[in-house]
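Spelled out, the chains give:
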Amino acid sequence: MSKEELNALQRGYHRRDELEELDVLPPEETVKEKRVALIECVEEIPCNPCAVVCRLDAIEKDGLCAPGTVDWEKCSGCTMCVAVCPGLSIFLQQIKDGKGYVTMPYEVLPAPKVGMTVKLMDRSGTVVGEGKIVNPTYQAKGDAYPRWVVTVEMDDPALSYEVRAIKIPEE
Amino acid sequence: MAKKIVCRCHDVTESDIEAAIEAGYNDLETLKRITGVTTGHCQGKTCLSLTMDILGRYKGARLPQTTRIRAPIDPVTLGSLVTKKETK
Amino acid sequence: MVDWRIYDHPILEFDRGKEVTIYLDGKPMKAYESETVAAALYANGLREFSKSIKYRRPRGFFCAIGRCSACMMEVDGVPNVRTCVAMCKEGMQIKRQKYPADYLNPILNLMKLPPAVYMRLMTRPSFIYKPAMTVMRELTGLGKFKKTLPGPAPTTMGSEGTLETDFLVVGGGPAGMQASIEAGQRGANIIIIDDKDRLGGQLLKQTHTFFSDVKYAAGKRGFKLGEQMIAQLSELPNVKVLTETAAVGYYPKENVMLMKRPGNATLKVKAKKYLVATGAYEKTLVFENNDIPGVYGAGGVQTLLNVFGVKPGNRGILLGTGNVALMVAYHLIQAGIEVAGVYAPSFRRVRGYFVHAAKIQRHGVPIVTRHTIVKALGKDEVKGAIMTRLNPDYTPAEGSQFHVDCDFICIGVGLNPAYDLVQLFNPQMVNNGTLGGMVPIRDKTFRFAPNAYIAGDCGSIEEATTAMLEGGLAGLYVTEALGRGDEGVTAKIEEYTHTLEEDRGSPFSTRLKAAIEEITVEDIEEVLN
């Protein structure tokens, strides 16, 4: 049995089509309009920081263990939920001026800096292209400190549905 | 084939335990005395559950047993356990 | 000079304290006051700490918290010191415990000697036994005793006297600390002990942010939560904290807990109520060549990495896909160490939370289910591993073996609840696989003996967040049992119980909940009489 024939829970990562079936990924019209959050946490685990931190009540949870769902009408793309998720599974996505943007949590070295060119990786860890670190990129305060929230820009907007990690080249 | 160690303190391998069980020592207390398993420095912290798994395979059940636990459960020097005799 | 210490870390700043020099077999080594001897020696490149008794196999550390006894060396003349919990001091003399049989190791390893043969050879006739054992001890064995040991003179039993208190908490992890906070805030006199030099238990090495409810722990990093709880305890004047203190025995007839203190001293404590929150021991696996330096427990690697800031190697693999193994893989990535893969024999799914798997997979670490390890390669150190794919009936699939390059192997296959102190209270024990192993029957107020309570991993293997909640509940029930209960206490008990139920509301906890119901009775005194 190859890795492709396994389901996501056996494989350890999702494919884009599996997440689309679960209504996790926002449609193209939404991300072309504004930056919105998407939650790639699909299991029932006891956890609620995302719903608690959202000031616009855009994240709904049907109890402590239910996965959160984002109301893309209400979401303003403020990045608070990205910073606070313990599973590092919340991302922001936007398509603007023909480029794709993904905002992700980042907790490895070297520290990210706006302007850096980085490798882009998809959910399986495969390098799918190169991108540039842009704003909003900042270090979270409070309990999530010293986690970074990093936004990366990519020339191919379709990649914003795939890119979930970056690799900053060593100096 | 390289050795598969079960009791790391006394170097008891999986085949040693299986041979002892097949020879008739199929109870934890007798198995412990013939092989030395769980009687080493760690007192079974790493090997007791492995030994019970092997025994369980032979007996076909989950066995509710640990070795008899007696104080001291942490290493102490003998000197700190004796009481000075009062001399007049 | 070799230095495996980490100086740049994305989450932690290592305040190692004053630099000191310690000596290994006479050679000076750089160490720090806040490091254990094992961590300092490991940072200087030492991999083989001791040799096994019979085959004289090289052994490295495994658990790194003072349980498995693989790291024993002679420290300042005292033999068999567990170096993973001994703290470094300036000028410390550390010696590897060597024996003549060490030179016979290559031959011994090819032989298959009967178990415990060194205890059985030449026991008859009786006049031969004593000289034969002297020779046998010189050939094998661990540690040489001198006529008088250096260090403080042996003291008498109970040299620090007897203390009486309301509530003795054994174990300073999340369960023990939360119990002390809840009972301490309501006026009980409490002594909390831990065998390490600081409280915190497993929280100290957890750099990731926790799940559960924001009200208690969610979003907080484990070690920060630990620091918070330690600070809360230090503000309670009725809570006495004793570190480097290990429970040695409990005597029900006299109702005395005997504990050892630094400097060969012993202390007796008589308490009205006891809480046993001593956590768990790491499980290991049986495979070919499974006990050479480089095969470590995942928790041991986590301690080395996050508490002492020492890298375990350059490239490692993990065995097991539970939360611990997935988390340690992430810690290794954060420390800049390559992880070749995470392997487990499970067929249905990754055993831990999916989000833990997803966040290491996207960094390029392959999660490989349906595989297991066959053999660790290497003689004195791990040089690689042979893995195999499994058939659906868990037998190795023909021709599917492959080689993985690595210099350490982390075993993260589960924990065994600590069953020793618990059994000295004469409880009723059961062997429950879902809960991790041997656990005592307990009642709805967490009692497993008329005057003793249990909380955390010691009673059932779960998470730090549930340990905290169970500990808090036990502390509140003790408060009631001591006659200090009131409406506030009852309300808090309801709040904790509700959160604990919600925490266990996910499918991950279905079997655990059922197992806990199986071992919970109405009143423990009825069961034990």
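Residues numbered from 1 in each chain as written. Chains lettered and ligands numbered in written order. Predicted model: local features only at pLDDT ≥ 70, side-chain atom pairs only at ≥ 80, totals over all residues.

**Topic: the overall build of chain A**
Argument step 1. Across its full length, chain A holds 5 helices and 9 strands.
Argument step 2. Helices and strands in chain A line up, N terminus first, as α-α-α-β-α-β-β-α-β-β-β-β-β-β.
Argument step 3. Rg of the C-alpha trace for chain A: 15 Å, near the compact-globule value of 16 Å for 171 residues, within the 12% margin.
Argument step 4. For chain A, the spread of C-alpha atoms along the principal axes amounts to about 45 × 45 × 30 Å.
Argument step 5. A burial count over chain A gives 45% of its 171 residues as buried. (Helix = DSSP H or I, 4+ residues; strand = E, 2+ residues; numbered from the N terminus. Rg over C-alpha atoms; globule rule 2.2 N^0.38 Å. Buried ≥ 20, exposed ≤ 12 C-beta atoms within 10 Å, placed from the backbone.)

**Section: the sheet that holds strand β19 (residues 371–377) of chain C**
All names here are of chain C.
Argument step 1. Strand order in the open sheet formed by 3 strands is β19-β20-β21, and the pairing between neighbours is antiparallel. In this open sheet, the two edge strands, each paired with only one partner strand, are β19 and β21 (402–405). Shown here is a sheet whose adjacent strand axes are inclined to one another by a mean of 35°, direction ignored.
Argument step 2. Relative to strand β20 (residues 384–389), β19 is paired through 6 bridges, and the arrangement is antiparallel. Paired with isoleucine 373 across the bridge in β20 is methionine 387. (Pairing = 2+ DSSP bridges. Axes fitted to C-alpha atoms, helices over the stretch in contact; angles between N-to-C directions.)

**Observations concerning the interface of chain C and chain A**
Argument step 1. At the junction of the two partners, chain C supplies 37 residues and chain A supplies 35 residues.
Argument step 2. For the side of chain C that touches chain A, the secondary structure elements donating two or more residues are α8 (323–334), α9 (354–361), β18 (367–369) and α12 (487–503) of chain C.
Argument step 3. Across the side of chain C that touches chain A, the residue classes tally to 17 nonpolar, 12 polar and 8 charged. (Contact = placed C-beta atoms within 7 Å. Nonpolar A, V, L, I, M, F, W, Y, C, P; charged D, E, K, R; others polar.)

**Here's the deal with the interface of chain C and chain B**
Argument step 1. Each partner contributes residues to the interface: chain C has 46 residues there, and chain B has 37 residues.
Argument step 2. Only β11 (246–251), β12 (256–261), β13 (265–276), α10 (420–423), β24 (429–432) and β25 (437–440) of chain C provide two or more residues apiece to the side of chain C that touches chain B.
Argument step 3. Element by element, the count of residues in the side of chain C that touches chain B is highest for β11(C), at 4 residues.
Argument step 4. Here the side of chain C that touches chain B is composed, by residue class, of 23 nonpolar, 15 polar and 8 charged.

**Focus on the domain arrangement of chain C**
Residue and element names in this part refer to chain C.
Argument step 1. What the domain assignment lists for chain C is domain 1 (19–139), domain 2 (162–281 + 437–528) and domain 3 (312–413).
Argument step 2. Spacing between the C-alpha centres of domain 1 and domain 2 amounts to 35 Å.
Argument step 3. Each side of the interface is counted separately: domain 1 has 4 residues, and domain 2 has 4 residues.
Argument step 4. For the side of domain 1 that touches domain 2, a count of residues per class yields 2 nonpolar, 1 polar and 1 charged. (Domains from an automatic or database assignment.)

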